[in-house]
Structures are given as structure tokens and as C-alpha cells.
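Remarks on the overall topology
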Amino acid sequence: MEIYENENEQVEALKRFFAENGKALAVGVILGIGALVGWRYWTGHQVEASRTSSLTYDNTVSALRADKPETLAAAEKFAAENKNVYGAFASLELAQQYVDKNELDKAGKQLQQGLADASDENLKSVINMRLARVQLQQKQADAALKTLENIKGEGWTAIVADLRGEILLSKGDKKGAHAAWEAGVKSDSSPALSEMMRMKMNNLSI
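Residues numbered from 1 in each chain as written. Predicted model: local features only at pLDDT ≥ 70, side-chain atom pairs only at ≥ 80, totals over all residues. Heavy atoms only, no water.

Some remarks on the pattern of salt bridges
As a reminder, the rule being used: Salt bridge, as used here: a side-chain nitrogen of Lys or Arg that lies within 4 Å of a carboxyl oxygen of Asp or Glu. Numbering of helices and strands runs from the N terminus; a helix is a DSSP stretch of H or I covering at least four residues, while a strand is a stretch of E covering at least two. Only protein chains enter the area calculation, which uses a 1.4 Å probe; residues under 20% of their type maximum are buried, those over 50% are exposed, and those in between are partly exposed.
Here the structure, examined in full by the defined rule, presents seven salt bridges. Asp117 is the partner of Lys83 in a salt bridge, and the nearest nitrogen-oxygen pair spans 3.9 Å. Taken together, the residues span a long stretch of sequence, with Lys83 in the loop between helix H2 (71-81) and helix H3 (85-100) and Asp117 in helix H4 (residues 104-117) at a distance of 34 residues. Using a relative accessible area of 8% as the deciding quantity, one classes Asp117 as buried. The shortest N-O distance in the salt bridge between Lys106 and Glu103 comes to 3.2 Å. Overlapping salt bridges bring together Asp162, Glu166 and Lys200 as one network.

The following block contains the structure:
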């Protein structure tokens, strides 16, 4: 770093600096202001887009629950176009509609799409749990067991154990089912779920 003996030298040095770098600084300031304005516009746009998505989602789900057949296509379009939490929720709603209609292939497809759109781990766990249940209904036991592996978090331990027991039992693995339910009972599960798993164990004839 240069050392200046008096104020005049400092002033002259500043003049040289701005003469040499003034344009670059001006461009930097302009770019900085532009970035700030752009950021504010982008965040404002995101808030507005989220508000619009939320409103459209509410309207779409209300129509779906009213059991209007023509809304299925509109809901699928919404889910496909909104690669965010609202799209994931719409896929969940559509999947439930298709399960109720026993159209399990379509339900599975919607759940896979919901997984691709979801970013929250808890939401992903909900979707994976429902997907595993659909796969069990489709008699795709191995696929269902693999789906369960994607569910993370201690809060899911007992619920996953219960479903794993059901899946293993569907494969004829009574010992595996018993072990899964036993592990579920020993985990921090609700009294109701623990009692249900105990009843399932008692009903097994191993």
C-alpha cells in the first residue's frame, strides 16, 4: 500500500484513481442498482406468482372434491405446469381421486410427479408413504419396500414399520412382518398404532 506524506498527495492519488477507474465504478454502481431493482422485482413476482398458484390450487381442489369429471384434466394441467409445492399438493389430490376410482396406475403416476415437484422432506415422506401404499395395492411389493427406504425422520419410524409389515406379509414373509411390527411397537409410536401392530402380530400364525 502506498504511503502519502500530505493531503495533497492523497487528493492527487484519488483523482488518478477515479480518472483510471471512474467508468468501471460507474458501471459497477449501475449494475448494483440494477441487481437490487431486479431482485426486488423478482421477489415481488415470486410472491405474486405464489399467491396466484395458491388461489388456483384452492379453486382446482374445490372443483375436484365436488366430483366434477371435467376438472380432472384441468387439475392434471395445473399439477404438470406448477413445479412447486402447489403442484405437489395437486398431484396428491389427483392421486387420491384415482385411488378412489381404482385407477392405480394413474395414481402412481401422479405421486411420482408430486415427488419431482416437492422440495420439503416431510412432504416427500407423505408422498412416498402414499406411493408405497399404491404399489402394495398393485402387488408390487418389492417396489413398495424400496419406496419406503426414501422416507426419512424418526417421526415416521412406526408408520413405516407398520406398512413394511403389511408389505412383507403380502410376500408371504410372516416372520419379516412380525419383526417389522415388533420394531414398530418398540419405537416411539402412538398408543393406538402400537395396539394395532400388536393385534396384527397376535393374528399371525408363525
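Examining H2
Quick reminder of the rule: Note that the arc is computed from the directions linking the helix axis to the C-beta atoms.
Looking at H2, one finds that the buried residues are Thr71, Leu72, Ala75, Phe78 and Ala79. Each buried residue of H2 sits inside an arc of 125° when the element is viewed along its axis, so together they form one side. Exposed and oriented more than 90 degrees from the buried face of H2 are Ala73, Lys77 and Glu81.

Focus: the packing of helix H7 (residues 157-170) against helix H8 (residues 174-186)
Angle between the axes and distance between the axes are the two parameters that describe a pair of packed helices. Formally: To obtain each axis, a line is fitted to C-alpha atoms, and for helices this fit is confined to the stretch in contact; angles are then taken between N-to-C directions over 0 to 180 degrees. The labels follow the angle: roughly parallel below 35 degrees, roughly antiparallel above 145, roughly perpendicular from 65 to 115, and oblique for the rest. Contacts between residues were defined by any pair of non-hydrogen atoms, one from each residue, lying within 4.5 Å. Polar here means any residue other than Ala, Val, Leu, Ile, Met, Phe, Trp, Tyr, Cys and Pro, which are nonpolar, and Asp, Glu, Lys and Arg, which are charged; Gly is therefore polar.
Following both chains from N to C, one finds H7 and H8 inclined at 170°, their axes separated by 8 Å at the closest point. Between H7 and H8, the angle is such that the two are roughly antiparallel. Of H8, the residues touching H7 (which contributes Ala158, Ala161, Asp162, Arg164, Gly165, Glu166, Leu168 and Leu169) are Lys174, Gly176, Ala177, Ala180, Trp181 and Gly184. Across the contact of H7 with H8, the residue classes break down as seven nonpolar, three polar and four charged.

Some words on unusual backbone geometry
A positive phi is found at Asn102, a non-glycine position, where the angle reads about 60°. Within the fold, Asn102 resides in the loop between H3 and H4. For Asn102, a relative accessible area of 58% corresponds to the exposed category. You will see that Lys139, though not glycine, has its phi angle at about 60°, which is positive.

What about the packing of H8 against helix H9 (residues 191-203)?
Filter applied, for reference: Each crossing gets its hand from how the near helix is turned against the far one by less than a right angle, where anticlockwise is left-handed and clockwise is right-handed.
Running from N to C, H8 and H9 cross one another at 155°; their axes reach a closest spacing of 9 Å. Overall, the two elements H8 and H9 adopt an arrangement that is roughly antiparallel. As H8 runs across H9, the sense of the crossing is left-handed. Residues His178, Trp181, Glu182, Gly184 and Val185 of H8 pack against Ser194, Met197, Arg198, Lys200 and Met201 of H9.

A word on the environment of Met201
Note that Met201 resides in helix H9. C-alpha of Met201 to C-alpha of Lys175: the two residues are 26 residues apart in sequence and 9.7 Å apart in space. The residues touching Met201, leaving out its near neighbours within four places in the chain, are His178, Trp181, Glu182 and Val185.

Considerations on H9
To be explicit about the condition: An expected span of 1.5 Å times one less than the residue number is assigned to each helix.
A rise of 1.5 Å per residue sets the reference length of H9, with its 13 residues, at 18 Å; its end C-alpha atoms lie 18 Å apart and thus fit the reference within 8%. Those residues of H9 lying buried are Leu193, Ser194, Met197, Lys200 and Met201. Seen from one end, H9 has its buried residues packed into an arc of 120°, which puts them on one side. Across from the buried face of H9, at angles greater than 90 degrees, the exposed residues are Pro191, Ala192, Asn202 and Asn203. Looking at the packing, one finds that the buried side of H9 touches H7 and H8.

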